[in-house]
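# Fold and contact review
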Amino acid sequence: WDGLLADCPHGKIIMNSGAGCAASQDDTPGVFAEPWDYSDAPNASLDYNDQMRLLIPAIKLVCSKRGDQVMILVQEGRYLRVLFTDGKTGERSTGEFYFTENDTTVQFRVGALDLPSPSSPKLLSTSTKNLERCEMIRKELRFTKLPVLRNRKRALFFAESDFDSFGPGSASLGPPAEMTTGELEGRQDVDPRMKIDALQNFPMG
């Protein structure tokens, strides 16, 4: 497995779309969550095996606090896939976690599997349930967030707007083990001579 996680569903907002989606490799607003870093974890270990052994109990503890159920589907090397079932609504979400090779970064994606019935109008595509679930897991592990520069492309020059586009996500850049540090952190290496606009250039030092 190459460490690439699928992007969250994009496109038109759909009502009643369940628990939503959270992903560290998709910088679309409403689903993006910063990757985790375990270099300063309390156990002071840079071995992903040690951190994987902490991740599973942390997921189970968070599910217990939320009243959810969790099932381990796949645990293979640096990769973990689980199935979450919401204790109140019965909504199911697949969670994927990947410890990046030659790095201390954890990439993840947690996305809803089920579309709720029309009788549940309060559940929208903008749901943050899975974002909240991921944040609870991170805090339980006491991992830090890795600052990321989102790849936002403005439609209007002077301000952000609803017409802005985002991407490509990390999934389009290749396996994490082959990505540069800038790509892992959501930025690209920049030519210092590249013009920013008609009035400004990067300083040449």
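Above this note sits the structure.
Heads up: these notes are all about the structure in this document. (Residues numbered from 1 in each chain as written. Predicted model: local features only at pLDDT ≥ 70, side-chain atom pairs only at ≥ 80, totals over all residues. Heavy atoms only, no water.)

## Some thoughts on the environment of Cys134
In plain terms, the rule: Helix and strand definitions follow DSSP, with helices as H or I runs of at least four residues and strands as E runs of at least two, each counted in order from the N terminus. Working rule for contacts: check all heavy atoms of both residues, and any pair within 4.5 Å makes them a contact.
With respect to the helices and strands, the residue Cys134 is situated in helix α2 (residues 129-141). Separated by 26 residues in sequence, Cys134 and Phe108 have C-alpha atoms that sit 8.6 Å apart. What Cys134 contacts, discounting residues up to four positions off in sequence, is Ala22, Trp36, Phe108 and Val110.

## Quick word on the pattern of salt bridges
What counts here: Any Lys or Arg side-chain nitrogen found within 4 Å of a carboxyl oxygen on Asp or Glu counts as a salt bridge. Three labels apply to residues, based on accessible area from a 1.4 Å probe with only protein chains included: buried if under 20% of the type maximum, exposed if over 50%, partly exposed otherwise in between.
For the structure on display, the rule yields seven salt bridges. The partner of Arg53 in a salt bridge is Asp50, and the shortest N-O contact between them spans 2.3 Å. Of this pair, Arg53 and Asp50 both sit in helix α1 (residues 48-66), three residues apart, which is roughly one turn of the helix. On the basis of relative accessibility, which here comes to 55%, the residue Arg53 falls in the exposed class.

## Looking at α1
The test is simple: In this scheme, a helix's expected span is set at 1.5 Å multiplied by one less than its residue total. The term polar contact refers here to a pair of N or O atoms within 3.5 Å; inside protein, the definition further demands a hydrogen-donor-capable atom paired with an acceptor-capable atom, and it admits residues adjacent in sequence only when both atoms are side-chain atoms.
Taking 1.5 Å per residue, 19 residues should reach 27 Å; α1 reaches 26 Å between its end C-alpha atoms and fits that length. Listed in full, the buried residues belonging to α1 are Tyr48, Gln51, Met52, Leu55, Ile56, Ala58, Ile59, Val62 and Cys63. Along its buried surface, α1 packs onto β2 (36-37), β3 (69-76), β4 (79-85), β5 (92-99) and α2. Its side-chain oxygen 2.8 Å from the backbone nitrogen of Asn49, Asp47 forms the N-cap of α1. Just downstream of α1 lies Gly67, where phi reads positive at about 80°.

## Focus: unusual backbone geometry
Positive phi, normally seen in glycine, also occurs at Ala44, with a value near 55°. Residue placement: Ala44 occurs in the loop between β2 and α1. Even without a glycine there, the phi angle at Asn102 is positive, about 55°. Secondary-structure assignment places Asn102 in the loop between β5 and β6 (105-112). Assessed through its relative accessible area of 70%, Asn102 is described here as exposed.

## Focus: the state of the cysteines
Quick note on the threshold: Pairs of cysteine sulfur atoms within 2.5 Å are what we label disulfides.
Summed over the entire model, instances satisfying the criterion amount to one disulfide. Note that Cys8 is cross-linked by a disulfide to Cys21, the S-S spacing being 2.0 Å. One quick way to see it: the torsion about the S-S bond of Cys8 and Cys21 is about -75°, and its sign makes the bridge left-handed. Here Cys21 lies in strand β1 (residues 21-23) and Cys8 lies in the segment before β1, a separation of 13 residues in the sequence. This pair shows no difference in class: Cys8 is buried, exactly as Cys21 is. For Cys134, which is in no disulfide, the shortest distance to another cysteine sulfur is to Cys21 and amounts to 8.7 Å.

## What to know about the environment of Cys63
Along the chain, Cys63 turns up in helix α1. The buried category is assigned to Cys63, whose relative accessible area is 2%. Sequence-distant contacts of Cys63, that is, excluding residues within four places in its chain, are made with Asp68, Gln69, Val70 and Phe84.

## Here's the deal with the pairing of β4
We apply this condition: Here, any two strands with at least 2 DSSP bridges between them count as paired.
Along β4, five of the seven residues are buried, which leaves the element largely enclosed by surrounding structure. Two successive antiparallel strands, β3 and β4, enclose a turn made up of two residues, where Gly77 displays a positive phi of approximately 60°. Inspection of the sheet shows β4 paired to β5 by seven bridges, in the antiparallel sense. Across the sheet, the residue bridging to Leu80 is Phe97, located in β5. Hairpin remark: β4 followed by β5, antiparallel, with six residues in the connecting loop; positive phi at Gly90, about 80°.

Purely geometric stuff here, so don't read any function into it on its own.
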